[in-house]
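# Coordinate analysis (summary)
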Amino acid sequence: MSLARMQKVRLIGHDSERERVFTILQDLGVLQIADLTDRKEPGFRPKTLTTHELETKLTDLRYTLDFLARYDTEKKGFIQSFFNLKELIRFEEIERIAREYDYRPLWQRVRQLDQESVELRAERAQLETRRAELLPWRQLPLPVEEWRSTATTLFLLGRLPKERYAQFQEAIQSQLSEMVFVHTASTDDRDSYFYALVLKDSEEIFGKILAEHGGERLGVPNLPTGAHGLPNAILEEIERRIREIDARQAEIAEKAKALLPEKPKLQALYDYLHNEYLKAQAQARLLGSPNTFVLEGWVRASDYERLAQALQNNSEAVYLERITPDPNEVPPVALENRRLFQPAEFLIKLFGLPHQKELDPTPFVLPFFAIFFGIALTDAGYGLALILIFSYLKRRYRHKRGFQPFANLIILGGWAAVVAGILTGGFFGPDIVQSVEWLRERVLFDISRPAGLVVFLLFSFALGFVQIFLGNLLELYDKARTGHLWDGVWHEGSWLVFMAGLGIVAGAGVPQLQALQEFGVPGLPASWLPGGITLALAGVFLVLFFSRVEAPHEVSRQMPWLLLTGAAVLWIQKPLGVWPLGELLGAASIVWILLIDRGSSLGSRVRAVLGRIGAGLFRLYGATGLLGDVLSYSRIMALGLSTGLIAYSINQLTGMLLQIPWVGTVAFVVLVTLGQIFSLVINSLSAFVHAARLHYVEFFTKFYEAGGEAFRPLARESIYYDIQR
């Protein structure tokens, strides 16, 4: 449970070997190269390297691939797309493609097709706009070349709500009967469209009448250049041209699809050039002279010898040495766990890496995540399905190193779900187990009954309490590991004593409640209850007195406060028969506390004592937060119940189809399969999200800060393929 020890190194070489050296470094993938361009070194300066040519090629390839993607109807499967799983390609093959394949003729062809397609889309959009503007006037028996005003007459188009059109005509007839000619052009669901010839002297009155009836004047449609004749004929010509454009776009699509066989080569070339670009960027970070180059970087200490050996075997004109980092320099972070715990690294990276001096929480996350995931799923059938699916995917994409930890994490959660499903009677829903005697006999507690639900809920709370306790214990360990032992003892230690007492009280007291005795809730012996109460009381006063500790390393200064804690416990627990001792110890400890800082005034000492107790009271209020944190773990029980309910509903609804002969059986098989797949996906996703959330929100907040900079060595990366050496 530690982070990889990082070693800073310096590499000096002859400039003629630079390209070869960087190829070796990229193949190894163990060295993170530092940026030296801001450093002032006599005789050295940043290497002036240009990546313009590579950037241009990558841009051209990206453009070509994006164009072809629009016409590629072959889609990846859900699993492949969701996890970004890529096909494998050998490095020799990708090198051969980069050496032999000339993408430029294809790129030029794509440019021609795309440019034509863009122009056609622009023309079609313009035609669509013109058609929409002209459509209301389609039946107008007036050629468009006559849609104009004269010296005395105004030609205009208009629109108003169709329910007011009759009133509008009546108003025109009564007020401007000889001055205006109005003709209906068309009517749709909402509006009526008209054209009018108005004497210019009557324009103002006409506009007022139109406005009073909720109408508006419209501009003359934007017609194609040289358009003439009736609107209907012009619309037919526009629609004919739109059909021509659509036909040509279909031809372009066919020509683009004919180019799709070139897509794998384009993708392989893109990955090759992308890695060349990464290598060129890395070279831009170093310093050099006319004949030499210098770089610095970070390597795992365990990889140093491998790096040195690879450089020595491939080049005689380089020198590698270990160097001491600057005092304010922070090494990058790389997780280093045993293979058993590596699946949980996925969750740590998802949240954020620890900083260099922080504890790596990976080993503590794995068992809890698996248990939470299993309880939230609580179905042995779904657990087995996840095991089979992800075991297949592990073999299918065994070259995908980043996918393996995630797959192992889900497989482990699947096994936990199998156990939880067996114990609670869930196998693709609770109804199947009830009908199979062998499965029914292995149910430890039946969550379909109140007794089973109570046990399930208490078990969820107990898991949460244990994890939160562990979080505080890890914070104590982390402080001790980094030289702040006594700060952890007084601060986290007091809280741990309080939580330990609460745990014993709950473990010994809850099963003794009369309302729960019939359920057979397991717990601690009842004889532990008094000791748990004493421990919890001691924890309360430790939190009260040790929330704000000055000079925590001076243990002698804290002794009277410890004595006061014992006195308070004895004073409260008078039935123990030692109550006078509590008062005596309390008085002695208070006197001792006030005499510690005899160099200061009595008033300042009293204020310091009251301030310390006030801080403790505020921290004791945080016990409500502890209760809220523990209650949050009820969500895994709720998710487990919802899994069973969803699966049960699917089984019952689809089971009705079995009453239909023949067809019903086929429909049942199809629908129950689809329904169970849906339930598996949605409940597995919920189990993963909420199991992770409990770690991120409830567990990590007790001891984990994160914020470490990830170790990113120069290595081969891929966009489309996984490259195998």
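About the thresholds
- Residues numbered from 1 in each chain as written.
- Predicted model: local features only at pLDDT ≥ 70, side-chain atom pairs only at ≥ 80, totals over all residues.
- Heavy atoms only, no water.
- Axes fitted to C-alpha atoms, helices over the stretch in contact; angles between N-to-C directions.
- Helix = DSSP H or I, 4+ residues; strand = E, 2+ residues; numbered from the N terminus.
- Parallel < 35°, antiparallel > 145°, perpendicular 65-115°, else oblique.
- Left-handed = near helix turned anticlockwise from the far one by under 90°.
- Contact = heavy atoms within 4.5 Å.
- Nonpolar A, V, L, I, M, F, W, Y, C, P; charged D, E, K, R; others polar.
- Buried < 20%, exposed > 50% of the residue type's maximum accessible area, 1.4 Å probe, protein only.
- Polar contact = N/O pair within 3.5 Å; in protein donor to acceptor, adjacent residues only side chain to side chain.
- Expected span 1.5 Å × (residues − 1).
- Pairing = 2+ DSSP bridges.
- pLDDT = per-residue confidence, 0-100.
- Salt bridge = Lys/Arg side-chain N within 4 Å of Asp/Glu carboxyl O.
- Patch = residues over 30% accessible without salt bridge, like charges linked within 9 Å, V, L, I, M, F, W, Y side chains within 5 Å.
- Areas by Shrake-Rupley, 256 points an atom, 1.4 Å probe, with all protein chains shown as cover.
- Core = buried A, V, L, I, M, F, W, Y, C linked by side-chain atoms within 4.5 Å.
- Phe/Tyr/Trp six-rings, centres within 6.5 Å; stacked < 30°, edge-to-face > 60°.
- Lys NZ or Arg CZ within 6 Å of the ring centre and 35° of its normal.

### Considerations on the packing of helix H17 (residues 450-481) against helix H24 (residues 623-632)
Axis separation between H17 and H24 bottoms out at 8 Å; the angle between their running directions is 125°. In terms of orientation, H17 and H24 fall into the oblique class. The crossing of H17 and H24 is right-handed. Residues Phe-461, Phe-465 and Ile-468 of H17 form the contact with H24, whose participating residues are Leu-626, Asp-629, Val-630 and Leu-631. Across the contact of H17 with H24, the residue classes tally to six nonpolar, no polar and one charged.

### Digging into the environment of Glu-262
Position of Glu-262 among the secondary structure elements: in the loop between helix H8 (231-258) and helix H9 (263-283). Under the relative-accessibility criterion, Glu-262 is labelled partly exposed at 27%. C-alpha separation for the pair Glu-262 and Tyr-103, spaced 159 residues apart in sequence, amounts to 9.1 Å. Not counting residues up to four positions away in its chain, the partners in contact with Glu-262 are Tyr-101 and Leu-106. Engagement of the side chain of Glu-262 in a polar contact is seen with the side chain of Tyr-101, the distance being 2.9 Å.

### Details of helix H14 (residues 403-424)
Taking 1.5 Å of rise per residue, 22 residues should cover 32 Å, and H14 covers 31 Å from first to last C-alpha, within 8% of that figure. Immediately downstream of H14, the backbone of Gly-425 shows phi near 85°, a positive value.

### Quick look at H8
Along its 28 residues, H8 runs 41 Å from first to last C-alpha, staying within 8% of the 40 Å computed at 1.5 Å per residue. Considered for burial, the residues of H8 that qualify are Pro-231, Ile-234, Leu-235, Ile-238, Glu-239, Ile-242, Ile-245, Gln-249, Ile-252, Ala-253 and Ala-256. In this structure, the buried residues of H8 make contact with helix H2 (52-69) and helix H5 (104-134).

### Comments concerning the sheet that holds strand E8 (residues 191-199)
On the basis of which strands lie adjacent, the open sheet formed by four strands has the order E7-E8-E6-E9 and antiparallel pairing. Across the chains shown, the open sheet's two edge strands, defined by having one partner strand only, are strand E7 (180-187) and strand E9 (216-218). The mean angle between the axes of side-by-side strands here comes to 35°, regardless of whether they run parallel or antiparallel. Note: strand E6 (residues 153-161) against E9, three bridges, orientation antiparallel. Across the sheet, the residue bridging to Leu-157 is Leu-218, located in E9. Contacts between helix H6 (residues 165-175) and the sheet are confined to E6, E7 and E8, with E7 contributing the most and set at about 170° to the helix.

### Quick word on the confidence of the model for the protein chain
Model confidence for the protein chain is summarised by a mean pLDDT of 85, while 91% of its residues fall at 70 or above. When mean pLDDT is taken per element in the protein chain, strand E3 (residues 31-33) scores highest with 94 and helix H19 (residues 514-517) scores lowest with 54.

### With respect to the pattern of salt bridges
Scanning the model with the defined rule gives 38 salt bridges in all. With a shortest N-O distance of 3.5 Å, Glu-17 and Arg-20 are connected by a salt bridge. Look at Glu-17 and you get buried, because its relative accessible area is 13%. On the basis of relative accessibility, which here comes to 45%, the residue Arg-20 falls in the partly exposed class. Residues Asp-72 and Lys-263 are paired through a salt bridge, measuring 2.7 Å at the closest nitrogen-oxygen approach. On the criterion of sequence distance, the pair formed by Asp-72 in the loop between H2 and helix H3 (78-82) and Lys-263 in helix H9 is long-range, its members being 191 residues apart. Three or more residues are tied together by salt bridges with common partners; here these are Lys-8, Arg-10, Arg-39, Glu-296, Glu-321 and Glu-329.

### Section: a nonpolar patch on the surface
On the surface, Val-666, Val-670, Leu-671, Leu-674, Ile-677 and Val-681 cluster together into a nonpolar patch covering about 520 Å² of accessible area. With respect to the helices and strands, Leu-671 occurs in helix H26 (residues 663-699).

### Here's the deal with unusual backbone geometry
In this model, Thr-378 sits at a positive phi of 50°, which is unusual for a non-glycine residue. Note that Thr-378 resides in the loop between helix H12 (362-377) and helix H13 (380-396). Of note, Phe-428 is a non-glycine position whose phi angle comes to about 55°, a positive value.

### Details of the nonpolar core
Among the nonpolar cores identified, the biggest contains 65 residues, and Phe-369 and Phe-390 are the most heavily contacted of them. No other element matches the ten residues that H12 contributes to this core. Within the second largest apolar cluster, 49 residues are counted, among which are Leu-58, Val-110, Trp-147 and Leu-157.

### Notes on the packing of aromatic side chains
In the structure shown here, the tally under the stated rule is 37 aromatic pairs. Taking the centre distance of 6.1 Å and the plane angle of 25° together, the rings of Trp-147 and Phe-155 count as stacked. Grouping residues by exposure puts Trp-147 and Phe-155 together as buried. Residue placement shows Arg-62 over the ring face of Tyr-270; its charged tip is 5.7 Å from the ring centre.

### Section: the environment of Phe-688
Relative to the assigned elements, Phe-688 resides in helix H26. Taking the C-alpha atoms as reference points, Phe-688 and His-52, 636 residues apart in sequence, are found 44 Å from one another.

### Notes on the pairing of strand E11 (residues 292-300)
In terms of residue burial, E11 counts as a mostly covered element, since seven of its nine residues are buried. In the sheet, strand E2 (residues 6-14) pairs with E11 via nine bridges, with the strands oriented antiparallel. Of the residues in E11, the one forming a bridge with Met-6 is Arg-300. Summarising the sheet, E3 and E11 pair through three bridges and their orientation is antiparallel. Residue pairing in the sheet places Gln-32 in a bridge with Trp-298 of E11. As defined by bridge partners, strand E10 (residues 287-288) adjoins E11 across two bridges and the pair is classed as antiparallel.

### Brief notes about the side chain of His-213
Mapped onto the fold, His-213 is located in the loop between helix H7 (203-212) and E9. Setting aside residues no more than four positions away along its own chain, His-213 makes contact with Leu-160, Pro-161, Arg-164, Gln-167, Phe-168 and Ala-171.

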